[in-house]
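Each chain is listed here by its residues.
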Amino acid sequence: MKRALRTLVAAGTVAALVAGCSLSGNSGEDPQGPTTVTLVTHDSWLAPQEVLDAFERQSGIKISVLKQGDAGALTNKLVLTKANPIGDVAYGIDSTFASRALSEGVFEQYTSPEADRGPQRYSIDPEHRLSAVDLGDVCVNIDTRYFADKGLPEPKSFADLADAKYKDLMVAESPATSSPGLAFLLGTVAQFGDQGWQGYWTQLKANGLKTVSGWEEAYTKEFSGSSGKGPRPIVVSYASSPAAELGEDGKPRTKALLDTCYRQVEYAGVLAGGKQVEKARKVVDFLLSQQFQVTVASNMYVYPARQGVELPQGWAQAAPLPQQPKTLEPAKIQAGREQWIAQWRTLFEG
């Protein structure tokens, strides 16, 4: 999915987590050695090894990570292998793809005892087959320095992006190949409706919007506000991205346009037919625990789903959580996703 610009959790914070970590499960080393549980996830997975090692010591469960591309590729793989699962638990299916995984019966029912600490706020399944681990908002980001240097007013809204004064300044990911690209498309459907979103994209195309295959290319190569110093000062990225672009003065050099945000929630679940069902449930508990949740912002640039988890210093200023992000009901996404992507292809690739 997305967040190539990351920082590791400070060594002192990790040490404190490890020292204070207390999770359900076995205590101490298993005399017969740990049980390996395979966690299938996306390429943006990143967690402090010290925290994983502490979980292994206390639970007797060793987590083996199997990465499968972005959220879309991960979902496809889990659906295609559901008769013979490639792992025991999965993390990283987001709200743009969750309805497909649920309709295909990829996950089994499990309600974690940790879920009532906040994750159930984002529940989308009455059978509780998925538990929310984190959330992030896909938003248009801008290079504030570019606009200051050019004496050009900063865009603020969806409508502004189609204005002629911003011609040839924006880059976005293809919704056919990218999770944030799809989220941005869904945001425009939520904003303009089934009858209006295509007209809006036609305006963006006429205004010189460039589309690329994925977030890495869009953000690190095309966007002028990143370390890649590309040519375009407007990019589809995340509300949390400015936290990775702090200047020497500690202030962000980029800004997320909070009126353009679409809410993505990432989930974890026990794979139906997996070999280590009981142990997989313990891994879901771990992903929702305070000990893991406190690492997600600094490592994967997403917001923890658990309530009361402290965010890294500076996030309140650089990466405020949008208060009114766009959303669509899972059933509407499931019914319309493939048609919307096909229609988008006709507009941009036809």
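The text that follows walks through the structure, step by step, so that each part is easy to find. All figures in this text were calculated on a predicted structure; none of them were measured in a lab.

From N to C terminus, the chain includes 14 helices and ten strands. Expected size for 350 residues packed as a compact globule is a radius of gyration near 20 Å; at 20 Å, the chain falls within 12% of this value. Along the first, second and third principal axes, the C-alpha atoms of the chain reach 70 × 45 × 30 Å. The proportion of buried residues among the 350 residues of the chain is 55%.

Quick look at the environment of D43 now. Mapped onto the elements of the fold, D43 is located in the loop between β1 (35–41) and α2 (49–59). On the accessibility criterion, D43 (42% relative accessible area) is partly exposed. Each C-alpha atom, one on D43 and one on V296, is 14 Å from the other, the two residues being 253 residues apart in sequence.

Within helix α9 (residues 215–222), burial applies to W215, A218, Y219 and E222. Viewed along the axis of α9, the buried residues span an arc of 120 degrees, placing them on a single side of the element.

Quick look at the nonpolar core now. If you look at the biggest cluster of nonpolar residues, it comprises 72 residues, and the most contacted ones within it are L78, F107, F184, W201 and I234. Excluding residues that lie within four positions of it along the chain, W201 makes contacts with F184, L185, T188, L209, W344, L347 and F348. W45, V51, L52 and L288 belong to the second-largest nonpolar core, a separate cluster that totals 26 residues.

Here the focus is the pairing of β1. Where burial is concerned, most of β1 is hidden: five out of the seven residues are buried. Across seven bridges, the pairing between β1 and strand β2 (residues 61–67) is parallel. Considered in β2, the bridge of L39 is made with V65. For the segment spanning β1, α2 and β2, crossover handedness is right-handed. In the sheet, β1 pairs with strand β3 (residues 89–94) via two bridges, with the strands oriented parallel. Within β3, the residue paired with L39 across the bridge is V89.

For helix α8 (residues 197–206), every residue scored as buried is listed here: W197, Y200, W201 and L204. Take α8 and look down its axis: the buried residues cluster within an arc of 95 degrees, on one side only. Where the residues of α8 are buried, they touch α6 (158–161), α7 (179–192) and α14 (330–348).

Moving on: the packing of aromatic side chains. For any pair of aromatic rings, geometry is given as the distance between the ring centres together with the angle between the planes. Summed over all chains, the structure comprises 18 aromatic pairs. Centre to centre, the rings of W45 and F292 are 5.7 Å apart; their planes meet at 15 degrees, and the pair counts as stacked. In this pair, W45 sits in the loop between β1 and α2 while F292 sits in helix α11 (residues 290–293), placing the two residues 247 residues apart along the sequence. For the ring pair F192 and Y200, a centre distance of 4.4 Å and an interplane angle of 25 degrees mean the geometry is stacked. With relative accessibility at 4%, the residue Y200 sits in the buried group. An aromatic cluster is present here, built from F158, F184, F192, Y200, W201, W344 and F348 joined pairwise through their rings. Directly above the aromatic system of F348 lies the positively charged group of K205, at a separation of 5.6 Å from the ring centroid.

Time to look at the state of the cysteines. Under the definition given, this model contains one disulfide. The disulfide partner of C139 is C261, and the gap between their sulfur atoms is 2.0 Å. Around the S-S axis, the bridge from C139 to C261 shows a dihedral of about 110 degrees and counts as right-handed. Within this pair, whereas C139 is found in strand β4 (residues 131–143), its partner C261 is found in the loop between β8 (254–256) and β9 (262–270), the two being separated by 122 residues in sequence. On the accessibility criterion, C139 (0% relative accessible area) is buried.

To continue, consider the pattern of salt bridges. The full count for this structure, using the stated rule, is 15 salt bridges. E245 is the partner of R253 in a salt bridge, and the nearest nitrogen-oxygen pair spans 3.0 Å. A salt bridge links E349 to R345; the nearest nitrogen and oxygen atoms lie 2.8 Å apart. Taking relative accessible area as the criterion, R345 reaches 36% and is therefore assigned partly exposed. Connected through salt bridges with shared partners, the residues E108, E278 and R281 form a single ionic network.

Right, let's get into the pairing of β9. Regular strands show a simple pattern: their side chains alternate between the two faces of the sheet. For β9, the tally of buried residues reaches nine of nine residues, placing the bulk of the element in the interior. Burial along β9 is two-sided: the face carrying Y262, Q264, E266, A268 and V270 and the face carrying R263, V265, Y267 and G269 are both buried. The pairing of β3 with β9 spans five bridges and is classified as antiparallel. What sits directly across from Y91, in β9, is A268. By the bridge criterion, seven bridges tie β4 to β9 in an arrangement that is antiparallel. Residue pairing across strands places L135 opposite V265, the latter belonging to β9.

What counts and what doesn't
- Residues numbered from 1 in each chain as written.
- Predicted model: local features only at pLDDT ≥ 70, side-chain atom pairs only at ≥ 80, totals over all residues.
- Heavy atoms only, no water.
- Helix = DSSP H or I, 4+ residues; strand = E, 2+ residues; numbered from the N terminus.
- Rg over C-alpha atoms; globule rule 2.2 N^0.38 Å.
- Buried < 20%, exposed > 50% of the residue type's maximum accessible area, 1.4 Å probe, protein only.
- Arc of directions from axis to C-beta.
- Core = buried A, V, L, I, M, F, W, Y, C linked by side-chain atoms within 4.5 Å.
- Contact = heavy atoms within 4.5 Å.
- Pairing = 2+ DSSP bridges.
- Right-handed = clockwise from strand over helix to strand, strands pointing away.
- Phe/Tyr/Trp six-rings, centres within 6.5 Å; stacked < 30°, edge-to-face > 60°.
- Lys NZ or Arg CZ within 6 Å of the ring centre and 35° of its normal.
- Disulfide = S-S within 2.5 Å.
- Salt bridge = Lys/Arg side-chain N within 4 Å of Asp/Glu carboxyl O.

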